[in-house]
Amino acid sequence: METTMTLLRDPGAAAPQRRRVLVTRAIDPAVIEVLRAHVELSLNSDDADWSQLELIERLQGHWGALVTVGERIDAALLDACPELRAVCSLGVGVNNIDIAACTARGVVVTNAPDVLTETTADLGFALMMAAARRVGESERFLRQGAWTRWSCDFFTGMEVHGATLGILGMGRIGQAVARRGALGFGMPVIYHNRNPLPAEMAEPLGARWVSFDALMQEADHLVIVLPYSANVHHIVDARALGLMKPSATLTNVGRGGLVDELALADALGAGRLAAAALDVFEHEPAVPQALLDRPNAVLTPHIGSATRTTRRAMARLAADNLIALAGGSDPLTAVNPQVLG
Ligand code: DGY
């Protein structure tokens, strides 16, 4: 007997017609084809930058959205798009999505953990090394045709192997950075996290939990991979920077809002910190002039997860989440699973 009455949750409710899904940015065409087999798609094939108003207009009548870390999904948008039931992001960080507002309205949110862990850790490590060994600065010097002679103190930087690696935020990406440092470069690892890792995870890395202040004081190279929330806004501020060794470096692959960028630029300019490497900024894509002016800052445009393989995997996970929800199943990586029932 066919049943039409037993659905306990809305996102997967048996649909008389295919769900309509808006894909807000251009993503891997192979993933689009996978999605197309399950839902009705609206695309942004030109990868245009939509204003918030345009995003709201385009979302009208859509049940689901496949979004990136660039779209703002807030209460006003949700109220203006009452048919929206599923927001599936291809990013792991969800600070662009008001999770509480989604939960209050029964909108399922999913993200894309795991698939980008190693790739983002690769970039974090690369940036840390670039800052320590002055790669950006010396490359610019060479390109400017300024290289005329060699000397013993020519672009001398800081040692990486054997130096103390400090990690702020010891989640999946933090642990992957720690593995690179401990196992590949013989670096003693210290970290600060809300909760210390279980011993079976910390011991193989020789990773030692320390207080926030001790992390700032003891790290030779600090790598920030903390998820952003209002509680940790500017957690690395002028006071925290003041605790760091003048020979230390700071790398941020978490979110820009974790670091007070102007205080960082001051510290770099005054020689209170040797170098920094930033892949994320508080008001992306804007980068403060004070940072652009610092030769000892390596600056990249939020490319932590940017390899073709990983970007495809991120999009595929978001698509799989949408497909599961559209078919009445639980998604693989719900951020607010309470909405599911
Ligand atoms: C994420 O997924 O949060 C990353 O920052 C995107 O590259």
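Residues numbered from 1 in each chain as written. Predicted model: local features only at pLDDT ≥ 70, side-chain atom pairs only at ≥ 80, totals over all residues. Heavy atoms only, no water.

### Points about the packing of aromatic side chains
Considering all chains together, one arrives at four aromatic pairs under this definition. Centroid distance Phe-141 to Phe-154: 5.6 Å. Interplanar angle 70°. Geometry classified as edge-to-face. Note that Phe-141 is positioned in helix H6 (residues 135–143) and Phe-154 in the loop between H6 and strand S6 (165–168), a separation of 13 residues in sequence. (Phe/Tyr/Trp six-rings, centres within 6.5 Å; stacked < 30°, edge-to-face > 60°. Helix = DSSP H or I, 4+ residues; strand = E, 2+ residues; numbered from the N terminus.)

### A closer look at the pattern of salt bridges
Counted by the stated rule, this structure contains 18 salt bridges. With a closest N to O distance of 3.1 Å, Arg-18 and Glu-40 form a salt bridge. Here Glu-40 lies in strand S2 (residues 40–42) and Arg-18 lies in the segment before strand S1 (20–23), a separation of 22 residues in the sequence. Taking the relative accessible area as the measure of exposure, Glu-40 reaches 41% and is therefore partly exposed. Here Asp-79 ties to Arg-105 by a salt bridge, and the two come within 2.8 Å at their closest N and O atoms. Pair noted here: Asp-79 is in helix H3 (residues 75–80) and Arg-105 is in the loop between helix H4 (99–104) and strand S5 (108–110), with a separation of 26 residues, a long-range link. In the salt-bridge network here, residues are joined through shared partners; they are Glu-118, Asp-122, Arg-179 and Arg-180. (Salt bridge = Lys/Arg side-chain N within 4 Å of Asp/Glu carboxyl O. Buried < 20%, exposed > 50% of the residue type's maximum accessible area, 1.4 Å probe, protein only.)

### What about the pairing of strand S4 (residues 86–89)?
Going residue by residue along S4, you find Ala-86 and Cys-88 tucked away on one face and Val-87 and Ser-89 tucked away on the opposite face as well. Here strand S3 (residues 64–67) pairs with S4 via four bridges, running parallel. Paired with Ala-65 across the two strands is Val-87, which belongs to S4. Remark: the S3/H3/S4 crossover connection has right-handed handedness. Read from S4 through H4 to S5, the crossover connection turns out right-handed. (Pairing = 2+ DSSP bridges. Right-handed = clockwise from strand over helix to strand, strands pointing away.)

### What about the sheet that holds S2?
Within a sheet, neighbouring strands are paired by backbone hydrogen bonds and run either parallel or antiparallel to one another. One open sheet accounts for five strands, arranged S2-S1-S3-S4-S5; its pairing is parallel. In this open sheet, the two strands that pair with only one neighbour each are S2 and S5. For this sheet, the mean angle separating the axes of adjacent strands, direction not counted, is 20°. Note: S1 against S2, three bridges, orientation parallel. Among the inter-strand pairings, Leu-22 is bridged to a residue of S2, identified as Ser-42. Docked against the sheet, helix H1 (residues 29–36) engages S1, S2 and S3, running at close to 140° with respect to S2. (Axes fitted to C-alpha atoms, helices over the stretch in contact; angles between N-to-C directions. Contact = heavy atoms within 4.5 Å.)

### With respect to the domain arrangement of the protein chain
Where the parts come together, the accessible area they lose is often given as the size of the interface. Partitioning the protein chain into structural domains gives domain 1 (20–115 + 308–340) and domain 2 (117–299). Facing seven residues of domain 1, the contacting portion of domain 2 comprises five residues. Roughly 540 Å² of surface becomes buried between domain 1 and domain 2 when both sides are summed, with 42% attributable to carbon and sulfur atoms. Three residues, Asn-95, Asp-114 and Thr-310, lead the burial of domain 1 against domain 2; their summed loss comes to 67% of the area buried on that side. With a shortest N-O distance of 2.7 Å, Arg-172 and Asp-114 are connected by a salt bridge. Summed over the shared surface of domain 1 and domain 2, the result is four residue pairs in polar contact (both at pLDDT 80 or more). Residues that form the side of domain 1 that touches domain 2 fall into these classes: three nonpolar, three polar and one charged. (Domains from an automatic or database assignment. Buried area = accessible area lost by both parts, 1.4 Å probe. Polar contact = N/O pair within 3.5 Å; in protein donor to acceptor, adjacent residues only side chain to side chain. Nonpolar A, V, L, I, M, F, W, Y, C, P; charged D, E, K, R; others polar.)

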